[in-house]
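So the chains spell out like this:
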Amino acid sequence: MESNMLRFRRAGHLVIPDLLTRQQIERLRAAVGRLRSQVESTPAAFKVRYTERSGADFDTWGVEHVFALPAYQDEFGEILEDGRVVQHAREVLDDDRLRFWRAHVYWEPRRVGYSLYWHRDYGEHDHYDPEGVPTHAHFNLCLWDDSSLRIVPGSHRRPLTPAEDALRRAKSADPIENEQVIRCKAGDMLMMNAHLLHRAACSAGTPRGVIHIELQAYRESTGGHGSWRYMREPGFLSRMPPTVRELMRNAIEWDDAHPLSLRELTHGRRLSREFEQHEARERS
Ligand SMILES: O=C(O)CCC(=O)C(=O)O
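Residues numbered from 1 in each chain as written. Predicted model: local features only at pLDDT ≥ 70, side-chain atom pairs only at ≥ 80, totals over all residues. Heavy atoms only, no water.

Before going further, it helps to examine the side chain of E52. Examined against the element boundaries, E52 turns out to sit in strand β2 (residues 48–54). The class for E52 is buried, based on a relative accessible area of 13%. A polar contact of 2.8 Å, which involves the side chain of E52, links it to the side chain of R111. Discounting chain neighbours no more than four positions away, the residues touching E52 are D57, F58, D59, R111, V112, E279 and R281. (Helix = DSSP H or I, 4+ residues; strand = E, 2+ residues; numbered from the N terminus. Buried < 20%, exposed > 50% of the residue type's maximum accessible area, 1.4 Å probe, protein only. Polar contact = N/O pair within 3.5 Å; in protein donor to acceptor, adjacent residues only side chain to side chain. Contact = heavy atoms within 4.5 Å.)

This brings us to helix α3 (residues 74–81). Every buried residue belonging to α3 is among E75, F76, G77, I79 and L80, and all of these are buried. Residues of α3 that are buried in the fold lie against α2 (22–41), α4 (84–93), β4 (98–107), β6 (137–142), β11 (209–217) and α7 (242–257). Downstream of α3 by a residue or two, G83 has a phi angle that is positive, lying close to 95°.

Along the chain, the position of Y50 falls in strand β2. On the basis of relative accessibility, which here comes to 8%, the residue Y50 falls in the buried class. Residues Y50 and R281, spaced 231 residues apart in sequence, show a C-alpha to C-alpha distance of 7.9 Å. Non-local contacts of Y50, meaning those with residues more than four positions away in its chain, are made with P43, F58, D59, T60, W61, H278, E279 and A280.

For the rest of this paragraph, the subject is the nonpolar core. Generally speaking, soluble globular proteins have nonpolar side chains that are buried together. Counting residues in each nonpolar core, the largest one holds 53 residues, and the members touching the most others are L35, F67, F76, F100 and M248. In terms of residue count, α2 provides more of this core than any other element does, 6 residues in total. In contact with F100, not counting residues within four places along its chain, are F67, L80, E214, L215, G226, Y230, M231, L247, M248 and A251. Judged by nonpolar contacts, the second largest core, of 20 residues, contains Y117, L149, I182 and L196. (Core = buried A, V, L, I, M, F, W, Y, C linked by side-chain atoms within 4.5 Å.)

What follows covers the packing of aromatic side chains. How two aromatic rings sit relative to each other is given by the distance of their centres and the angle of their planes. Within the structure shown, the criterion is met by 7 aromatic pairs. Centre to centre, the rings of Y50 and F58 are 6.1 Å apart; their planes meet at 90°, and the pair counts as edge-to-face. When the ring of W61 is compared with that of Y114, the centres are 4.1 Å apart and the planes differ by 15°; the resulting orientation is stacked. Note that W61 is positioned in strand β3 (residues 57–63) and Y114 in strand β5 (residues 114–115), a separation of 53 residues in sequence. Note on accessibility: W61 and Y114 belong to one class, buried. The residue whose ring lies beneath R99 is W254, and the NZ or CZ to ring-centre distance is 3.6 Å. Above the ring of Y117, the side-chain terminus of K171 is found at 5.1 Å from the ring centroid. (Phe/Tyr/Trp six-rings, centres within 6.5 Å; stacked < 30°, edge-to-face > 60°. Lys NZ or Arg CZ within 6 Å of the ring centre and 35° of its normal.)

Looking at the element boundaries, R168 is found in helix α5 (residues 162–169). Among all residues touching R168, those that are not within four sequence positions of it are W118, H125 and L160.

One open sheet holds the 7 strands; their spatial order is β1-β9-β6-β11-β4-β3-β2, and the pairing between them is antiparallel. Strands at the two margins of the open sheet, each flanked by one partner only, are β1 (13–16) and β2. Within the sheet, the average angular offset between the axes of one strand and its neighbour, ignoring direction, is 20°. Bridging between β6 and strand β9 (residues 189–192) involves 4 bridges; their strand directions are antiparallel. What sits directly across from F139, in β9, is M191. Each of β1, β6 and β9 touches helix α1 (residues 4–11); the most contacted strand, β1, lies at about 135° to it. (Pairing = 2+ DSSP bridges. Axes fitted to C-alpha atoms, helices over the stretch in contact; angles between N-to-C directions.)

On inspection of all chains with the given rule, the structure shows 26 salt bridges. Between R22 and E26 there is a salt bridge whose closest N-O contact spans 3.1 Å. Of this pair, R22 and E26 both sit in helix α2, 4 residues apart, which is roughly one turn of that helix. Of the residues examined, E26 reaches a relative accessible area of 39% and is grouped as partly exposed. A salt bridge links R36 to E40; the shortest N-O distance between them is 3.0 Å. Highlighted residues: R36 and E40, both in helix α2, separated by 4 residues, approximately one helical turn. (Salt bridge = Lys/Arg side-chain N within 4 Å of Asp/Glu carboxyl O.)

This paragraph deals with the state of the cysteines. For the structure on display, the rule yields 0 disulfides. This cysteine, C142, is not joined by any disulfide, and C184 carries the nearest cysteine sulfur, 4.0 Å off. Take C202: it sits in no disulfide, and the sulfur closest to it among the cysteines is that of C142, at 11 Å. Given a relative accessible area of 5%, C202 falls into the buried group. (Disulfide = S-S within 2.5 Å.)

In structure tokens:
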């Protein structure tokens, strides 16, 4: 039988059914609910993802950096402490030692539907590996049945076609002939290579809750640079559970040994600004 590592390389994604117990789902739903209330009452304190932002009127589809204070909820750390996510990550990334990159939470908008354009992550639109060897893995822990994500199968192993590249340049969400919807059940974990061309959409009011975690192999030479400032605040790491602490320490250690060039820093900041300003609103 094909190993998870080989399947992840070939397909660029893999669903692990029923990773979360009913009790974990309930606890995480409650944690996301608490976080969402905080974000909606003081959006300026968070890196919010919006479907609409015009003056006092806003609607959201998630929030970034949920291991940073004040977003952090103990349930987020517990899920990594549980060990199974990390074990799957070790397997698909083929390294026992991992680095943390970042973690977000996605939810459904309340009024203004969510629709994100076709893209590869990190602005790495030219990146592919013919063998599908990943530079990272994304883990989506689904708290509700979720069919928000669409991918173009095999696109992590080849250059984008001119038609795909034109869509992503135009920030378009138009259909692609062979796109595939990824269907997860509440409790499933999706593992994904974000060099797959992908987009997501979720109508207002369709329940959604995804804990999204990004990890890399310790030895990975690209990307990452996930030692965000919050991790270096005095006392922060000692507050984290041991597994998270180690993943973050690994990120810090690796980043200190591989500082970003000015070009990389500017590129990262530009991307982050672009994303912050984007309203991922469904077009009628
Ligand atoms: O909503 C999702 O599941 C995908 C989000 C996404 O593609 C991104 O944040 O780059």
